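The lines below spell out each chain.
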Amino acid sequence: GKDRLVDAAAAAAEYPLPVVTVDLGTATTFNVVDEQHRFLGGVICAGLSTQLRALNEKCAQLPPVRLGPPQGAIGTDTQSCMRNGAVLGAAALIDGITDRIEAQLGRPVTLVVTGGLSRFVAPYCRRSLICDPQLMLKGLALIYRRNAAAPAEEKHKKA
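Reading the values: the criteria
- Residues numbered from 1 in each chain as written.
- Predicted model: local features only at pLDDT ≥ 70, side-chain atom pairs only at ≥ 80, totals over all residues.
- Heavy atoms only, no water.
- Pairing = 2+ DSSP bridges.
- Helix = DSSP H or I, 4+ residues; strand = E, 2+ residues; numbered from the N terminus.
- Contact = heavy atoms within 4.5 Å.
- Axes fitted to C-alpha atoms, helices over the stretch in contact; angles between N-to-C directions.
- Disulfide = S-S within 2.5 Å.
- Buried < 20%, exposed > 50% of the residue type's maximum accessible area, 1.4 Å probe, protein only.
- Core = buried A, V, L, I, M, F, W, Y, C linked by side-chain atoms within 4.5 Å.

Colleague: So what exactly am I meant to see when it comes to the sheet that holds strand β5 (residues 130-131) here?
Modeller: Hydrogen bonds between backbone groups are what pair the strands of a sheet, and the pairing can be parallel or antiparallel. With mixed pairing, the 5 strands of this open sheet are ordered in space as β3-β2-β1-β4-β5. Since the sheet does not close on itself, it has two edges, and those belong to β3 (39-46) and β5, each with one partner. With 5 bridges joining them, strand β1 (residues 19-24) and strand β4 (residues 110-114) adopt parallel strand pairing. In the sheet register, V19 faces β4, and the bridge partner there is T110. Running over the sheet, helix α3 (residues 78-105) touches β1, β2 (27-33), β3 and β4 and is turned about 25° from β2.

Colleague: Which parts of the structure should I look at to understand the environment of I97?
Modeller: Take I97: it is sitting in helix α3. Put simply, I97 and F30 are 67 residues apart on the chain and 8.5 Å apart in space, counted from C-alpha to C-alpha. What I97 contacts, discounting residues up to four positions off in sequence, is F30 and V43.

Colleague: Looking at this structure, how should I read the state of the cysteines?
Modeller: Any covalent bond linking the sulfur atoms of two cysteines counts as a disulfide. This model, assessed by the stated rule, comprises 0 disulfides. Here C59 is not cross-linked by a disulfide; its sulfur's nearest cysteine counterpart is in C81, at 13 Å. A relative accessible area of 29% places C59 in the partly exposed class. No disulfide involves C131; its sulfur sits 9.1 Å from that of C125, the nearest cysteine.

Colleague: Looking at this model, I keep getting lost on the nonpolar core. Mind explaining?
Modeller: Most often, soluble globular proteins keep nonpolar side chains buried together rather than apart. The biggest cluster of nonpolar side chains holds 25 residues, and the ones touching the most others in it are V20, V22, L24, L48, L67, I94 and V121. Taken together, the elements giving at least two residues each to this core come down to β1, β2, α2 (48-58), α3, β4 and α4 (118-121). Of all the elements, α3 adds the most residues to this core, at 9 residues. Leave out the neighbours within four places in its chain, and L24 touches L48, I94, V113, T114, G115, G116, L117, S118 and V121. In terms of nonpolar packing, the next biggest core, distinct from the first, is built from 9 residues, V19, V33, V112 and L135 among them.

Colleague: What is the right way to read the pairing of β2 from this model?
Modeller: Where burial is concerned, most of β2 is hidden: 6 out of the 7 residues are buried. When β1 meets β2, the two strands line up antiparallel, connected through 6 bridges. Across the sheet, V22 pairs through a bridge with F30, a residue of β2. Between β1 and the antiparallel strand that follows it, β2, lie 2 residues. One ladder, built from 7 bridges, connects β2 with β3; its direction is antiparallel. By the bridge assignment for β3, N31 is matched with G42. Two successive antiparallel strands, β2 and β3, enclose a turn made up of 5 residues, where H37 displays a positive phi of approximately 65°.

Functional significance is not addressed by these values, which are geometric in nature.
If you want it as structure tokens, here you go:
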């Protein structure tokens, strides 16, 4: 969606290329921008809350669970096991997918993590990353500025 392009535009303008953004919200989305500022595509996965909600709704004996920091890799009750699966699973997903993106590109990337749930996951990633909770807003501001400047430039060309 458009949110992916906004994240990618902001990251490409602010961070070394190639860059991978990971937005942790309802969905977990990965976006890849190469050194020529081209949006290459990415990956879309279920978000943490979406996963936990699906487990609760589709598995009769699994309770609703609030996100929070895991107390270790091994859960000691159903809720901590589910929380660990969501949070540590997302961290492993970020590490693993980014490794595969780097392998496909043949070079290292800058990894930028954002989104409302990034604060739960970023501390558990093993890769070096930048946590930028304002990435979407930066991207919207960047796109607005670029588009607002275009009509003014057109007026000067006509004069």
